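Structure at a glance
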Amino acid sequence: LEAPKSSPVLGLGDIQNFLRLQRATLDRRVAAIASAFPPPSSASLISAAEASLVVLATHLQEILQQLHDSVDCIEQMLRKQLVTAVGRELSPRDFSKYMEYHNQKLFRPAYKPQPFCFAVRRPDHYPEGTVSIEAEPAQAAEASVPIHTLVSSAATPSPPMSFRLSAATRVLFSGERHLHAHLAHAFEGETGDALALTARARQFSCFMLLLGAIGPNATFEPKHAIILQNKDELRIPLSLEQLPSAKAFRDAIESLSPEQQRFAKAYRSMQLEGSLFAVLIVQIKPQLETLLRLPGDALTKEIKLTQQLLTLFMEHQIPPDLLSFGGDASADVATKLAQVRSHVAAIMSMIDEAKKAEVEDAKQKFKYQHPQSHAFDLSEAGFGDSFACCGAPQAPTGFGDSFAGFDDSFAPPKAMARTRPKKAMSRSAAPPPIPMMQCAEAPTEMQAVAGASFGGSFGASPVGSGIYMGGSPRAPKAALPGSNASRTDKAVRDEAPQKPQAEAQRQLQAEAQRQPERGDESDFDEAEDALAVDYTKLPAALDAELEKHDIKGSLRPTNIIVGEVWTRKAQQALLAPPSSSLLDAAAQRSEKDKAFDLLDALSRSGAEPLSHTALHVVLAATHCFDRSLIDTLVVDGANPIEKLELSNLLVAATIHDDKPSALVRSEHHERLATYSAPSLMPPLQQQQQQQ
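Report follows, based on the coordinates. (Residues numbered from 1 in each chain as written. Predicted model: local features only at pLDDT ≥ 70, side-chain atom pairs only at ≥ 80, totals over all residues. Heavy atoms only, no water.)

**With respect to the overall build of the protein**
The cut-off we apply is this: Put simply, DSSP H or I for four residues or longer makes a helix, DSSP E for two residues or longer makes a strand, and each gets a number counted from the N terminus. Buried residues are those whose accessible area, probed at 1.4 Å on protein chains only, stays under 20% of the maximum for their type, while exposed residues exceed 50% and partly exposed ones sit between those limits. It only takes one pair of heavy atoms within 4.5 Å for two residues to be counted as in contact. Using the Shrake-Rupley algorithm and a 1.4 Å probe, accessible areas are obtained, with residue cover drawn only from the displayed protein chains.
Within the protein, the secondary structure is distributed over 21 helices and 16 strands. A burial count over the protein gives 40% of its 691 residues as buried. Considering only contacts in the protein between residues 6 or more positions apart, those separated by 24 or more positions represent 72%. For the protein, the exposed surface amounts to about 37,700 Å²; the carbon and sulfur share of it is 56%.

**Looking at the environment of P320**
Among the secondary structure elements, P320 is positioned in the loop between α7 (303-315) and α8 (333-369). For P320, a relative accessible area of 10% corresponds to the buried category. Linking P320 and D600, residues 280 residues apart in sequence, is a C-alpha distance of 9.7 Å. P320 has contacts with L291, L292, F313, A601 and R604, leaving out every residue within four places of it along the chain.

**Considering the pairing of strand β5 (residues 148-153)**
Look at any regular strand and the pattern is simple: side chains alternate between the two faces of the sheet. In plain terms, the rule: The pairing criterion is simple: DSSP has to find at least two bridges between the two strands.
In terms of strand pairing, strand β1 (residues 114-115) meets β5 through 2 bridges, oriented antiparallel. Looking at β5, one finds that Q114 is bridged to T149.

**As for helix α2 (residues 48-86)**
Side chains three or four residues apart in an α-helix point the same way, a direct result of the helix having 3.6 residues per turn. Put simply, the rule is: The span you would expect from a helix comes to 1.5 Å times its residue count less one.
The terminal C-alpha atoms of α2 lie 57 Å apart, and with 39 residues this matches the ideal 57 Å at 1.5 Å per residue to within 8%. Among the residues of α2, A48, A51, S52, V55, E75 and R79 are the ones counted as buried. Turning to α2, the residues buried within the fold contact α1 (12-36) and α18 (629-634). Trailing α2 by a residue or two, G87 shows a phi angle of about 110°, which is positive.

**Let's talk about the packing of helix α19 (residues 640-656) against helix α20 (residues 669-676)**
We apply this condition: Every axis corresponds to a line fitted to the C-alpha atoms, with the helix fit spanning only the stretch in contact, and the corresponding angles, defined between N-to-C directions, vary from 0 to 180 degrees. Any angle from 65 to 115 degrees is called roughly perpendicular, while one under 35 is roughly parallel, one over 145 is roughly antiparallel, and all others are oblique.
Between α19 and α20, the shortest axis-to-axis distance is 10 Å and the interhelical angle comes to 105°. Considering their axes alone, α19 and α20 lie roughly perpendicular with respect to each other. Packed against α19, whose contacting residues are E642, E645, L646 and L649, the element α20 presents R671, L672, Y675 and S676 at the interface.

**Points about unusual backbone geometry**
Phi is positive for R293, which is not a glycine, with a value near 60°. The residue R293 is located in the loop between α6 (284-291) and α7 in this model. Judged by relative accessible area, which is 21%, R293 ranks as partly exposed.

**Digging into empty space enclosed by the protein**
As a reminder of what qualifies: Throughout, the protein atoms alone are placed on a 1 Å grid, and a set of points is a cavity if a 1.4 Å probe fits but cannot get out or a pocket if it is open with protein on both sides within 12 Å along at least five of seven lines; lining residues have an atom within 4 Å of a point. Grid points are joined across faces, edges and corners, and a volume is the space filled by probe spheres set on the points. Ten residue types, Ala, Val, Leu, Ile, Met, Phe, Trp, Tyr, Cys and Pro, are classed as nonpolar, four, Asp, Glu, Lys and Arg, as charged, and the remainder, Gly among them, as polar.
The full count for this structure, using the stated rule, is 4 cavities of 30 Å³ or more. Approximately 60 Å³ is the volume found for the second largest cavity. Forming the walls of the second largest cavity are L272, S275, P539, L542, D543, L546, P557, T558, L619, A620 and A621. Looking at the lining of the second largest cavity, the elements with two or more residues in it are α16 (538-549), β13 (555-562) and β16 (610-624). Among the elements that line the lining of the second largest cavity, the one with the most residues is α16, at 4 residues. A class-by-class count of the residues in the lining of the second largest cavity yields 8 nonpolar, 2 polar and 1 charged.

**Considering the packing of aromatic side chains**
Selection criterion: Only rings of Phe, Tyr and Trp enter the pairing, Trp through its six-membered ring, and a pair is recorded when the two centres are within 6.5 Å. The plane angle decides the type: under 30 degrees is stacked, over 60 is edge-to-face, the rest tilted.
Tallied over the full model, the rule gives 7 aromatic pairs. Ring centres of F95 and F187 lie 5.6 Å apart, and the angle between their planes is 75°; this geometry places the pair in the edge-to-face category. Taken as a pair, F95 in helix α3 (residues 92-106) and F187 in the loop between β7 (170-186) and β8 (195-201) lie far apart in primary sequence, 92 residues in all. For F187, a relative accessible area of 2% gives the class buried.

**Overview of a nonpolar patch on the surface**
Selection criterion: Here the term patch refers to residues with relative accessible area over 30% and no salt bridge, with like charges joined within 9 Å and nonpolar side chains (Val, Leu, Ile, Met, Phe, Trp, Tyr) within 5 Å. Here, a salt bridge means any side-chain nitrogen of Lys or Arg that lies within 4 Å of a carboxyl oxygen of Asp or Glu.
Together, L10, L12, I15, F18 and L19 make up an exposed nonpolar region whose accessible area comes to about 480 Å². You can call L10 partly exposed: its relative accessible area is 47%.

**So, the environment of V635**
Note on placement: V635 falls in the loop between α18 and α19. The partly exposed category is assigned to V635, whose relative accessible area is 31%. When the C-alpha atoms of V635 and V71 are compared, they prove to be 9.5 Å apart, with 564 residues separating the residues in sequence. Other than its neighbours up to four places away in sequence, V635 contacts E75, R79 and R627.

Structure (structure tokens):
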């Protein structure tokens, strides 16, 4: 066939002429070599046969180089055409944005991907905060956006699950259940988007965040825990760790012995089950209301009372039975709140008395150890009545208990020595010791002054005062009465009101009669049997589907790894500016201990289930391309959109437990059955005939 004369393409006759010319040229070269080199039958090291082989190999190399240059020229031309058609060169981030847009059109409304951003809230209530998983921006000027995940939510109330606070305490929890599937993609030379889990709490709000994995038998295995409150903002970096694909694993164990294959399969099963990343959100206020036997919304506007309860549970580990309502269940909300508030006030007052006793003990001990240091007039030296044992009282100067921790190296500053009055004794004379018994037997007026200055046991203090005293950044935790056998602590115990303790004892007895023991293992066994979805089986089910339909082994199971250093932005006071801090392993462990102490109180050490929770389970996978985005289109001649459509359908069908054809819109059936997923979706006509 001859091409038209106006066409730049060579005709078939021209191509045949070129091939004949090439063959004639090669024959002449071989004949010239045969005349120049010894014949092949000779004993020479290099004969005409070897020389001809070198010439042919060189000619073949030239032909292949020309072919490579020609193909490269065509690919460059196609790249330019693609850029011209799109308008600019696309980046992987551009492709990610397109896939988010495309998936919204591909899936039905009930199954389309949703942003991983959830409000922490009760129904018909203002949110306590938000929790989201966001993709790190490529540039600093860009804002972080939540990732999109396929979501399958369980019906509420969901079957209970459990987790362990310790070897002896196991807690049941129920509430919302959300199963997410995150499908990432990575082109050649790229690691994919960097992720971060972000949690924000609103002002006068609080909730708890637990991170971990899903374990066997309907269990959650928490590895991290933290309490967020009062405009806290937490950012936890997340990294994606890819596991071998189903095809790569099958090819790797193909030549192993049966024993080795069984071992490899068992270990991979553990890896797949451990790839489920879980986020558990616990709402604190509604759980406090249940714990204290208060009606719903009773603590919604009780901000100060809520803060005091959190302090008692986290810092002092007060048993919740000492604070809960123990009267008639039909009483009104105001009566129940008043009783709980009185219990809290009594415990706070007891703790304040113990703290004041410790301060007085430290002052008295300092006076005994440093009798010489009180010879000069401390009140005139600027200390106020902090160490006054006799004489007229003066107004407090704000030093508080600053001198409670001084050691033997204490000496008055030189500036204070220069401000002594002239009537003080000479420096050469030794000061007389202060009569300590006289100080101990000070008159009543001095006792009142001491109580006003230091908040000692002589004067009553308001509830919540005395938490922070003097120059110490944080007052030591007060020991509960009965934990110290010192004389001062015994006095505090004798002076403490006995009515709250007796009332708390009656509450404990009533609780034992009213509520059966709930800590036995039968409750947890029932929870395991009642679980509707065994999340640990989903990775293995997805792996089996990938082995059948993912021929090239492009989709790989992925672990979500929590970063080692977190960033928290907190506002220390209501009018203070927010400040950022880094949480390393030690700080994270401290936050986890505080959260577990509060969980132990909220659950009564496992006897009370947690009902106001939300569990988010994330199943992650990564579609890996062997080439860059443009090379996948030009060199491989493959459409990455269709490749990701197949992966999306496989993942969506696994978490929704439904046919792929039921998940997508009807207008896409024919295209998917023809190009993207012919093995998953039969043609539309065949589906209609089957129906």
